[in-house]
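# Structure assessment
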Protein chains: 2
Amino acid sequence: MKFEIKKEVLVTSMNKVVGVASLSKFIPILNGIYISVADDGITLIGSNGDISIKTLIPKVLNDETIINDIEVGSIVVQAKIFNDIIKKLPSKSVSISVDAENHIFVKSGKSKFNLNGLDSTEYPKLPNVSDETSFDIPSNELKDVIKETVISVANTETRPILNGVNIQSANNSLKFIATDSHRLSQRIIQVSEVSELESITVPGRSLLELNKILDGTNTPVKVCFGNNQVLFIANETYLYSRILEGNFPDVSRLIPDSSTTKIRASKKEILDTIERASLLSKEKGVIKFSVNGGLMAEISSNTAEIGNLKEELVMLDFEGDDIILSFSAAYAMDGLKAISQDEVLLNFNGNSRPFVITPTEDESNLQLILPIRTI
Amino acid sequence: MKFEIKKEVLVTSMNKVVGVASLSKFIPILNGIYISVADDGITLIGSNGDISIKTLIPKVLNDETIINDIEVGSIVVQAKIFNDIIKKLPSKSVSISVDAENHIFVKSGKSKFNLNGLDSTEYPKLPNVSDETSFDIPSNELKDVIKETVISVANTETRPILNGVNIQSANNSLKFIATDSHRLSQRIIQVSEVSELESITVPGRSLLELNKILDGTNTPVKVCFGNNQVLFIANETYLYSRILEGNFPDVSRLIPDSSTTKIRASKKEILDTIERASLLSKEKGVIKFSVNGGLMAEISSNTAEIGNLKEELVMLDFEGDDIILSFSAAYAMDGLKAISQDEVLLNFNGNSRPFVITPTEDESNLQLILPIRTI
């Protein structure tokens, strides 16, 4: 096996696969990166068993030959040290070759590294995922969906199904929901063509890894489902993840379809006020929110030993009953930060029912938070 | 006690004193910041018992009144929470007042914080340091001295005197030395007027705190010694530190005054090569350096399980005997990074004696490293 490549191209592609590889502790070969060289390009694979990422480097890119001196073959390199080394190489180009005993020779400028590789036949095969059930979504929209929903993903051993984002299809739309049973995030997107999709739940961890490799342009990402696996294809990069087993709870009944109190406010103002109030409440602190007539809401918090805060929030609009309730400052800040728009609607149903935050002119993204009972 | 101040001015001044305050675990009052308000301005003090920092905010700065509504008095505020709060205040100005029960009222825009303060009479007094023995040094030069010497400060309980930088005067010059007994850093500076100074040793930790408050301009910093204390005065900020007890070892005999091998090289090239070599040696790894005739040095490293590296270094100049020795890559990188110039001289005295790195045209800064014996 042999090839010569631009250092920068190799570094960029390694970055996509190395993060997931170095996470594995139990299967030694998964601490490595699989490198396969063919006549038309190079394939890199990193995996932690649950999530695998494959990326292709074509021999010719934009009419420029970026891989030279090719001899077909494959090897597994130790992920961390190989990645550290190629980043620090002195020259713009690097030449890599492997002998019959899996010794790897890395040459760049006056630097010569010899590394011990691992037998590539021991590297696990990637799952087979057909593209029978699939849909396309622009990279930037998928990034938004992840940002809006992963905040509510749970981290629990007792109900593992809540550790993911649930995806369901209905009438050319897809609904993404996550909940940790204290809050819920929902995003609905329109898709042009989608095969009817059973409810599937993708681990939050996989979506966070996916987010790192998405470029945030409007290039479509293909999402394929099958064999308990989901596959995301973004340009030349493939992310495979297992799907969580079990039934995602039917949480849509939690989302109220009307409200008794409606507030419109500036997202930045309400976020800043809650952030200040959280300084005077314990970790994941509870703050109090009340409206008692008029256009002023009051946000307050209190920690006996340290002190207390009271702050008035100017609402842009208010309609309905007075309210007084307590909730987690951290959950409210997460929900508000997940909204990109400048103005938000807060919809309440009394002092003990969940309330809902949405952008003012867009109901496709919804953050629901349960109040906390206080004395 | 009462005052109104520009939020930014208070935040900047708090930043200078808060770092050292929040380090204390044993004396509760030291987790606070002492605030004293007088007719001509405000004094803030933070301390961890060993290091104290005092900073003054004048009422009038550059003909602009920045403190208004003054009522004389003093209080101790809880450092972390007070600092977090003032950074997040909504308005450009903040008004602070204290009642007879040490309750603190912070008001800014629509935000109102009430905090519990501590009795300011319980706050320890600052040490008295006369300016009888003192010298002036520009802020930027003092920053350089710290950068060049603290790298060799030890962190040991058995010989605490090595946990500081030793300062001695001789003929209008000051010599700064630090050593952890594996390496040594020395810097000599010229000072116009200096009272004869006994050898004193300032804790490395104090110098790192000092470095944070130095602005790096050519404004002179006044350094005063007395009563087992050293005091640095930089503009309106005062740093007090205790001096380490005991005699600093006489290490000048370790510094060779001649050499049998002289090498001149580009600092960046040698640094990059050592950094690459360190990737293939264990933590604080040992690398090998050899010259065998000619203008090529060879740097190499080896870790049995992973692999090895060999790299040739182009020297700009070489004079004297061939050499082959091993040393710590981390120490060599620290020493090289502490040198600001682009070219360095390496002076060797055989394969088992310490070697010295200096900038090519400046012997005032010197980094000495002991080789490591290998088989």
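Residues numbered from 1 in each chain as written. Chains lettered and ligands numbered in written order. Predicted model: local features only at pLDDT ≥ 70, side-chain atom pairs only at ≥ 80, totals over all residues. Heavy atoms only, no water.

Named according to an unreviewed UniProt entry, chain A is Beta sliding clamp originating from Oceanobacillus kimchii. Its UniProt record gives chain A the following Subunit (unreviewed entry) comment, quoted word for word: "Forms a ring-shaped head-to-tail homodimer around DNA." (UniProt positions renumbered as here; feature names shortened; annotations may be inferred.)

## Considering the sheet that holds strand β1 (residues 2–6) of chain B
Here we have 9 strands laid out as an open sheet, ordered β25(A)-β21(A)-β22(A)-β23(A)-β11(B)-β10(B)-β9(B)-β1(B)-β7(B), and antiparallel in their pairing. Each edge of the open sheet is held by one strand with a lone partner, namely β25 (323–328) of chain A together with β7 (67–71) of chain B. Each strand of the sheet is rotated relative to its neighbour by a mean of 15°, with strand direction disregarded. Across 4 bridges, strand β21 (residues 286–291) of chain A lies against strand β22 (residues 296–303) of chain A in antiparallel orientation. What sits directly across from F289(A), in β22(A), is I299(A). Contacting β21 and β25 of chain A, helix α6 (residues 329–337) of chain A runs over the sheet at an angle of about 85° to β25(A). (Pairing = 2+ DSSP bridges. Helix = DSSP H or I, 4+ residues; strand = E, 2+ residues; numbered from the N terminus. Axes fitted to C-alpha atoms, helices over the stretch in contact; angles between N-to-C directions. Contact = heavy atoms within 4.5 Å.)

## A word on the relation of the copies chain B and chain A
Overlay of chain B on chain A (RMSD 0.0 Å): rotation 180°, translation along the axis 0.0 Å. Such a combination of rotation and displacement between the chain copies is what one expects of a two-fold axis. (Least-squares fit on C-alpha atoms with pLDDT ≥ 70 in both.)

## Section: the interface of chain B and chain A
Listed by partner, the interface residues are 29 residues for chain B and 29 residues for chain A. At the boundary of chain B and chain A, one finds 2 salt bridges. Inspection of the chain B/chain A interface yields 14 residue pairs in polar contact (both at pLDDT 80 or more). Residue assignment for the side of chain B that touches chain A shows that the elements contributing at least two residues are α2 (79–87), β11 (111–116), α5 (267–279) and β23 (307–314) of chain B. Ranked by residue count, the leading element in the side of chain B that touches chain A is β23(B), at 7 residues. For the side of chain B that touches chain A, the residue count by class is 13 nonpolar, 6 polar and 10 charged. Pairing geometry for strand β23 (residues 307–314) of chain A and β11(B), over 5 bridges, is antiparallel. Within β11(B), the residue paired with N308(A) across the bridge is N114(B). (Salt bridge = Lys/Arg side-chain N within 4 Å of Asp/Glu carboxyl O. Polar contact = N/O pair within 3.5 Å; in protein donor to acceptor, adjacent residues only side chain to side chain. Nonpolar A, V, L, I, M, F, W, Y, C, P; charged D, E, K, R; others polar.)

## Side note on the sheet that holds strand β2 (residues 32–38) of chain A
Strand-to-strand pairing in sheets goes through backbone hydrogen bonds, with the strands running parallel or antiparallel. All names here are of chain A. The antiparallel open sheet is built from 8 strands, whose spatial order is β8-β2-β3-β4-β19-β18-β17-β12. Only two strands of the sheet have a single partner each, and these edge strands are β8 (73–78) and β12 (133–138). Sheet twist, expressed as the average angle between the axes of neighbouring strands with direction ignored, equals 15°. By the bridge criterion, 6 bridges tie strand β18 (residues 229–234) to strand β19 (residues 237–242) in an arrangement that is antiparallel. Its bridge partner being in β19, L231 is matched across the sheet by Y240. Across the sheet, helix α1 (residues 7–21) touches β2, β3 (41–47), β4 (51–58) and β19, and the angle it forms with β4 is around 170°. Packing against the sheet, helix α2 (residues 79–87) makes contact with β2 and β8, and its axis sits at approximately 95° to β8.

## Things to note about the pairing of strand β26 (residues 343–348) of chain B
Residue and element names in this part refer to chain B. Sheet analysis places strand β20 (residues 261–266) next to β26, joined by 6 bridges and oriented antiparallel. Of the residues in β26, the one forming a bridge with A265 is V344. Here β26 pairs with strand β27 (residues 355–359) via 4 bridges, running antiparallel. Among the inter-strand pairings, V344 is bridged to a residue of β27, identified as P359.

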